[in-house]
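Summary of structural features
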Amino acid sequence: MNKLKGRSLISITDYSKEEIIHILDLAEEFEKNHRQKILDGYVVGSLFFEPSTRTRLSFESSVQYLGGSIIGFASADTSSVKKGESLKDTILTVSNYSDLIVMRNPMDGSARYASEVSPVPIINAGDGANQHPTQCLLDLYSIRKTQGRLENISIAMVGDLKYGRTVHSLVQALSLFDATFHFVSPDSLKMPSSVKAWIKKANLSYNQYTDMMDVMPLADILYMTRIQGERFPDPLEYEKVKNSYILANSMLKGTKDNMRVLHSLPRVNEIKEDVDNNPKAYYFQQAKNGVYVRQALIAAILGLK
Ligand code: CP
C-alpha cells in the first residue's frame, strides 16, 4: 500500500483505519530492524517553533538510523522567524532544502495551513492544543503491543483533557476501534464537545468523572496527562488545577493485571517516581516506540515502503 506516498499527516483523521494499521504494521518491521539505510540521500526538515524533547529527538534519531539527514531548528529564536519572516515563507524556503517537513507550532491550525502552501509533505508534530497525530500513532502502537489488540479497549484519560492535544487525537483514533472512554478531569478541563462528537458519531459511549479512583478498576489503559500550564490564558486558573491528579504506586492496587500506565511525557508531578518501577508503568517504553512509528511514517510518506 503506497496510498500514503506524498501525503501530509496533519490530523489523525486524515488516515483511515486501514492506513493507521498499515503504519503500525510497518513500525513493527522497524522495531525488528531500525537500522535499514533506506533514507540515503534524503533530507528531512525539522521546524520546531515550540519546545520538544521526545518528538524532535525521536524524529532525528529515526532519520539518522535510516541513513538520512535532518536539518532545521529547535526554536523560532534561532531562525529568521525572529526577524519577522512569515510561516508561508519559512515553509517555501525549507521545502527547497528537504523532501519532507516535520513541524511543531504553538498555533492551532498552523500545520494544516503549512500543508496547503508546501510543495513537500508536512508531518504535524503538534499544533497548539489541536492535534499530535504522530504521538497518537505511537500511543496506538503501545496499546496494541501491551494489550495484543486495538479493538474494545477500555481507556481512562486523566488530567487536562481540554488543552491536551494528544488525548484529542487518541479519542478520534480509538473511536475507529470500538473503545470505551472514561474521562477524568476538573470541570474546567473537560474533553471538548468537538472531540466527544467523534465518539457519538461512532455510536460509542463515554463517562465523565472528577475522581480518578472511580476509573482505576475499569481501565485497560490509564492515560495520564500533564496540566498544560503554557496554554492557560489566566495563570491563576492554572494554579487552581495544577495538582488535581497525582498517580502514586499504591493507587495501582486492585487494577486489572493487563492495565498499563501511559503518558506522552513530559510529566511534571502527575506521576510519582515510585510508579516507575511498577511493571504497569509503560511511559518510557512508549516514548521509545516513537522511533519505530516515525520511521514507518517517513518511509511510507516518501514512498520507500
Ligand atoms: N510527547 C511529546 O510530544 O513530548 P515532547 O514535547 O518532549 O516532544
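Figured I'd write up the structure that's included with this text. Nothing here was measured: the structure is a model prediction, and the numbers come from that model.

The next thing to look at is the sheet that holds strand 3 (residues 100–105). Pairing within the open sheet is parallel, and its 4 strands lie in the order 2-1-3-4. Both outer strands of the open sheet, strand 2 (69–73) and strand 4 (122–127), are each paired with one neighbouring strand and no more. In this sheet, neighbouring strand axes are inclined to one another by 15 degrees on average, regardless of whether the strands run parallel or antiparallel. With 5 bridges connecting them, strand 1 (residues 43–48) and strand 2 associate as parallel partners. Bridge assignment links Gly 45 to a residue of strand 2, and that residue is Ile 71. The strands touched by helix 3 (residues 87–94) within the sheet are strand 1, strand 2, strand 3 and strand 4, with strand 3 carrying the most contacts at an inclination of about 155 degrees. The strands that helix 4 (residues 110–117) touches are strand 3 and strand 4; relative to strand 4, the one it contacts most, it runs at about 160 degrees.

Around the ligand lies a shell formed by Ser 52, Thr 53, Arg 54, Thr 55, Arg 104, His 132, Gln 135, Ser 264 and Leu 265. With respect to the ligand, the backbone of Thr 53 contributes an N or O atom lying 2.8 Å from an oxygen atom. His 132 places a polar side-chain atom, nitrogen or oxygen, 2.9 Å from an oxygen atom of the ligand. When the ligand is considered free in solution it has 260 Å² of accessible area, and contact with the protein chains removes 91% of it. Its residues assigned to classes, the shell around the ligand shows 1 nonpolar, 6 polar and 2 charged.

What follows is about the pairing of strand 6 (residues 180–184). Counting buried positions along strand 6 yields 4 of 5 residues, so the element is predominantly enclosed. Where strand 5 (residues 154–158) lies against strand 6, 5 bridges are found, and the strand directions are parallel. Bridge pairing in strand 6 links Ser 154 to Thr 180. With helix 6 (residues 165–174) bridging strand 5 and its parallel neighbour strand 6, the resulting β-α-β unit is right-handed. Of the pairings in the sheet, the one linking strand 6 to strand 7 (residues 206–209) comprises 4 bridges and is parallel in character. Bridging from a neighbouring strand, Phe 183 pairs with Gln 208 of strand 7. On the question of chirality, the crossover connecting strand 6 to the parallel strand 7 by way of helix 7 (residues 193–201) is right-handed.

Take the nonpolar core next. Of all hydrophobic cores here, the largest spans 59 residues; its most connected members are Leu 137, Leu 140, Ile 155 and Met 157. In terms of residue count, the dominant contributor to this core is helix 9 (residues 283–301) (9 residues). When residues no more than four places from it in sequence are discounted, the contact partners of Leu 140 are Ile 20, Leu 24, Leu 150, Leu 170, Ala 173 and Leu 174.

Burial along strand 8 (residues 221–224) is two-sided: Ile 221 and Tyr 223 facing one way and Leu 222 and Met 224 facing the other are all buried. In this sheet, strand 8 lies alongside strand 5 in parallel orientation, the contact comprising 4 bridges. Note on strand 8: the bridge partner recorded for Met 157 is Tyr 223. Handedness of the strand 8-helix 8 (residues 235–241)-strand 9 (residues 260–263) crossover: right-handed.

To continue, consider the side chain of Asp 160. Its location among the elements puts Asp 160 in the loop between strand 5 and helix 6. Buried within the structure, Asp 160 lacks any salt-bridge partner; its nearest side chain of opposite charge belongs to Arg 231, at an N-O separation of 7.2 Å. Reaching out from Asp 160, the side chain makes a polar contact with the backbone nitrogen of Tyr 163 at a distance of 2.8 Å. Filtering out sequence-adjacent residues up to four positions away, Asp 160 remains in contact with Val 167, Leu 189, Thr 225, Arg 226, Ile 227, Gln 228 and Phe 232.

Let us now look at unusual backbone geometry. Cis rather than trans, the peptide bond between Leu 265 and Pro 266 has omega equal to 5 degrees. Considering the arrangement of structural elements, one finds Pro 266 in the loop between strand 9 and helix 9. For Asn 152, which is not glycine, the phi torsion reads 55 degrees and is therefore positive. For Asn 152, the position within the fold is in the loop between helix 5 (133–147) and strand 5. Although it is not a glycine, Leu 265 adopts a positive phi angle of roughly 65 degrees. Summarising the element assignment, Leu 265 is placed in the loop between strand 9 and helix 9.

Right, let's get into the packing of helix 1 (residues 17–32) against helix 5. Between helix 1 and helix 5, the shortest axis-to-axis distance is 10 Å and the interhelical angle comes to 70 degrees. One element, helix 1, and the other, helix 5, form an angle in the roughly perpendicular class. Two secondary-structure elements touch here, helix 1 through Ile 20, Ile 21, Ile 23, Leu 24, Asp 25, Ala 27, Glu 28 and Glu 31 and helix 5 through Leu 137, Leu 140, Tyr 141, Arg 144 and Lys 145. A class-by-class count of the residues in the contact of helix 1 with helix 5 yields 8 nonpolar, no polar and 5 charged.

Rules and cut-offs
Residues numbered from 1 in each chain as written. Predicted model: local features only at pLDDT ≥ 70, side-chain atom pairs only at ≥ 80, totals over all residues. Heavy atoms only, no water. Pairing = 2+ DSSP bridges. Helix = DSSP H or I, 4+ residues; strand = E, 2+ residues; numbered from the N terminus. Axes fitted to C-alpha atoms, helices over the stretch in contact; angles between N-to-C directions. Contact = heavy atoms within 4.5 Å. Near = heavy atom within 4 Å. Polar contact = N/O pair within 3.5 Å; in protein donor to acceptor, adjacent residues only side chain to side chain. Areas by Shrake-Rupley, 256 points an atom, 1.4 Å probe, with all protein chains shown as cover. Nonpolar A, V, L, I, M, F, W, Y, C, P; charged D, E, K, R; others polar. Buried < 20%, exposed > 50% of the residue type's maximum accessible area, 1.4 Å probe, protein only. Right-handed = clockwise from strand over helix to strand, strands pointing away. Core = buried A, V, L, I, M, F, W, Y, C linked by side-chain atoms within 4.5 Å. Lys, Arg positive; Asp, Glu negative; His and termini not counted. Salt bridge = Lys/Arg side-chain N within 4 Å of Asp/Glu carboxyl O. Parallel < 35°, antiparallel > 145°, perpendicular 65-115°, else oblique.

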